[in-house]
Amino acid sequence: MALTKDEAKKLEYRPKTVYSLVKEVEKTAEEYCEGYKEFLNASKTERGAVRFTIAEAVSRGFESFDAKKKYNSGDKVYYNNRNKSLILAVIGTDAKAGANIIASHIDSPRIDLKQKPLYEENGIGYFKTHYYGGIKKYQWSALPLALHGVIIKKSGEVVEVCIGEDENDPVLCISDLMPHIGKDQYDRKLSEGIKGEELNIITGIKPLDGDEDESVKLNILSILSEKYGICEADLITAELTAVPAMKARDAGLDRSMILAYGQDDKVCSYPSLTALFELDKTPEKTAICILADKEEIGSYGVTGLNSQALSHFIKDICDSRSVSYTEFIKNSVCLSADVGGAYDPTFASAYDSRNSAFLAKGIVITKYTGSRGKSGSSDASAELFSKIVRLFEKNGIVWQNGEYGKVDQGGAGTVASEIAAMNIDVIDAGVPVLCMHSPAELAAKVDIHMMHRASEAFYCMTKD
Ligand code: MN
Ligand code: MN
């Protein structure tokens, strides 16, 4: 016999907002995001995120990992990979049960300085740049920028650079053409509104002495020498990067969102970190929180998840507890915690609204990423997907399904494929974000809070 309409309606899947599903969530999310804003402001670069996180971890009893030591249930360790990525772990009660791993990344799209950045043209001093990650270049001009990074002096001394974050600091800027004479620029394709070689950062206009050529460049060099004791050649080996000089802010007249640079992917890093810090009892499986570098440029490089650093860390833990690495790995599961592209009604035609994630409807689980027919995706299994959904539902975590956009509209990759290559079951789950990869990304506070609770539940997931 056919069901009644009301009966059939109960069978439908209709995602609801976190607001309607979880009581009192607003105040909790509000308080939670105060800490998140601090993390964002201290973590403009991966080096900043590592520095901030180690200080927090140490204050919570985490110790620097030593492969020669024996580790036991309840021990808390961190492994600092070259000051650019970090693995934290709480050793589980069952040595053979494997790990519950949450892998997010702490690098974000930005404007890196070229290795020979200093030059002058028509009395204006500049830095040449080479952007890092997938940016819409036109979004990065006429915007206050801060300079971060390290310069290694001939003596080996490491100079930390941070200009533009303090209110009293000067900021930097990339120029754009005034609209009045923008005719030719308007005719360019949007992707070439500002071209790669036009992302030139203005450093100053004051000549050192007299108006000869290069006098402005010489003045900038003199300022850098006075401040840091460096010469032009030291910049060649340096790592300097420009990021938006804005602080994380509440957004919306209802203060429901956070507007900030670098939420991809610190909006997943922070929740996975705070959940690890707040575990109230030692979990059965070892809880591992990965803060990876280089995701935005394909995870290559020794601090990216393409390197063996994670497997070596896990091998060392297994050795220290005398358990088989392959058995440990087989019992491990990973959430590839990266942002999802939230549905944007203003650009509706780029999405399949039936398979999109929405702001404030909870964390987004993404079965596959990739592009042109899922290419490059690790495509999680139905078994793992349903296991994670059951875990979230048991713990009252609001989740939704979502993929990036319309088929063949583009696509994206995450660290899921690197984790899968280790023979670890992995699925993408994270916070939906608007204006992704722009200087100011938007995320919903209630979703960020859900990500924290989801991380908590995931670390505590038992073997069976
Ligand atoms: Mn990401
Ligand atoms: Mn990204």
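These lines cover the structure that appears in this document, whether it is placed above or below. This one's a predicted model, so the numbers in the text were calculated from it and none came from an experiment.

So, how was this worked out
- Residues numbered from 1 in each chain as written.
- Chains lettered and ligands numbered in written order.
- Predicted model: local features only at pLDDT ≥ 70, side-chain atom pairs only at ≥ 80, totals over all residues.
- Heavy atoms only, no water.
- Helix = DSSP H or I, 4+ residues; strand = E, 2+ residues; numbered from the N terminus.
- Contact = heavy atoms within 4.5 Å.
- Lys, Arg positive; Asp, Glu negative; His and termini not counted.
- Charge placed at Lys NZ, Arg CZ, Asp CG, Glu CD.
- Pairing = 2+ DSSP bridges.
- Axes fitted to C-alpha atoms, helices over the stretch in contact; angles between N-to-C directions.
- Donors = N, O, S within 2.8 Å, 3.2 Å for Na, K, Ca; no water.
- Buried < 20%, exposed > 50% of the residue type's maximum accessible area, 1.4 Å probe, protein only.
- Phe/Tyr/Trp six-rings, centres within 6.5 Å; stacked < 30°, edge-to-face > 60°.
- Lys NZ or Arg CZ within 6 Å of the ring centre and 35° of its normal.
- Patch = residues over 30% accessible without salt bridge, like charges linked within 9 Å, V, L, I, M, F, W, Y side chains within 5 Å.
- Areas by Shrake-Rupley, 256 points an atom, 1.4 Å probe, with all protein chains shown as cover.
- Salt bridge = Lys/Arg side-chain N within 4 Å of Asp/Glu carboxyl O.

**What to know about the overall build of the protein**
Each helix and strand in the protein was counted, giving 13 helices and 23 strands. Taken along its principal axes, the extent of the C-alpha atoms in the protein is 90 × 60 × 40 Å. Partitioning the intrachain contacts of the protein with sequence separation of at least 6 by distance along the chain shows that 76% fall at a separation of at least 24. Placing the 56 positive and 68 negative side-chain charges of the protein at their respective mean positions leaves the two points 5 Å apart.

**Brief notes about the sheet that holds strand 8 (residues 158-163)**
Strand pairing in a sheet relies on backbone hydrogen bonds, with the paired strands running either antiparallel or parallel. Strand order in the open sheet formed by 7 strands is 8-7-11-5-6-10-9, and the pairing between neighbours is antiparallel. On the outer flanks of this sheet lie strand 8 and strand 9 (173-174), each paired with one strand and no other. Pairing between strand 6 (residues 124-132) and strand 10 (residues 201-204): 3 bridges, direction antiparallel. Bridged to G125 within strand 10 is G204. Strands in contact with helix 6 (residues 215-228) are strand 5 (110-121), strand 6, strand 8 and strand 10; relative to strand 5, the strand with the most contacts, it is inclined by about 125°.

**Section: the sheet that holds strand 23 (residues 441-444)**
Reading across the sheet, the 5 strands line up as 12-13-23-22-16 and stay open at both edges, with mixed pairing between neighbours. On the outer flanks of this sheet lie strand 12 (249-251) and strand 16 (340-341), each paired with one strand and no other. Both strand 12 and strand 13 (residues 257-260) contribute to a ladder of 3 bridges, which runs antiparallel. The partner of A251 across the bridge, within strand 13, is M257. The sheet contacts of helix 3 (residues 25-42) involve strand 12 and strand 13, and relative to strand 13 the element is tilted by about 5°. Sheet contacts for helix 8 (residues 263-277): strand 13, strand 22 (432-434) and strand 23; angle to strand 23, the most-contacted strand, approximately 30°.

**A look at the coordination of the manganese ion (ligand 1)**
Taken together, H105 (NE2), D264 (OD), D338 (OD) and D338 (OD) make up the protein donors of the manganese ion (ligand 1), found 2.1 to 2.5 Å from the metal. Counting residues between consecutive donors of the manganese ion (ligand 1) along the chain gives the motif H-x158-D-x73-D. The metal-metal distance between the manganese ion (ligand 1) and the manganese ion (ligand 2) comes to 3.3 Å, with D264 coordinating both. One end of the pair, D264, is in helix 8; the other, D338, is in the loop between strand 15 (333-336) and strand 16, and 74 residues separate them in sequence. Each member of the pair, D264 together with D338, is buried.

**Digging into the coordination of the manganese ion (ligand 2)**
Geometrically, a metal with four donors at the corners of a regular tetrahedron has ideal angles of 109.5 degrees, and one with six donors at the corners of a regular octahedron has ideal angles of 90 or 180 degrees. Looking at the metal site, the manganese ion (ligand 2) is ligated by D264 (OD), E296 (OE), E296 (OE) and H437 (NE2), spaced 2.0 to 2.6 Å from it. Mapped onto the sequence, the residues coordinating the manganese ion (ligand 2) show the spacing D-x31-E-x140-H. Here E296 falls in the buried class, since its relative accessible area comes to 12%.

**What to know about the packing of aromatic side chains**
Taken as a whole and judged by the stated rule, the model has 13 aromatic pairs. Taking 5.8 Å as the distance between ring centres and 65° as the angle between the ring planes, the aromatic pair formed by F39 and F52 counts as edge-to-face. Highlighted residues: F39 in helix 3 and F52 in helix 4 (residues 46-59), separated in sequence by 13 residues. Taking NZ or CZ as reference, R110 lies 3.9 Å from the ring centre of Y132, over its face. Here the basic side chain of K361 rests over the ring of F358, its NZ or CZ set 4.9 Å away from the ring centre.

**Looking at a negative patch on the surface**
A cluster of acidic side chains, namely D209, D211, E212 and D213, defines a negative patch on the protein surface. In this structure, D209 sits in the loop between strand 10 and helix 6.

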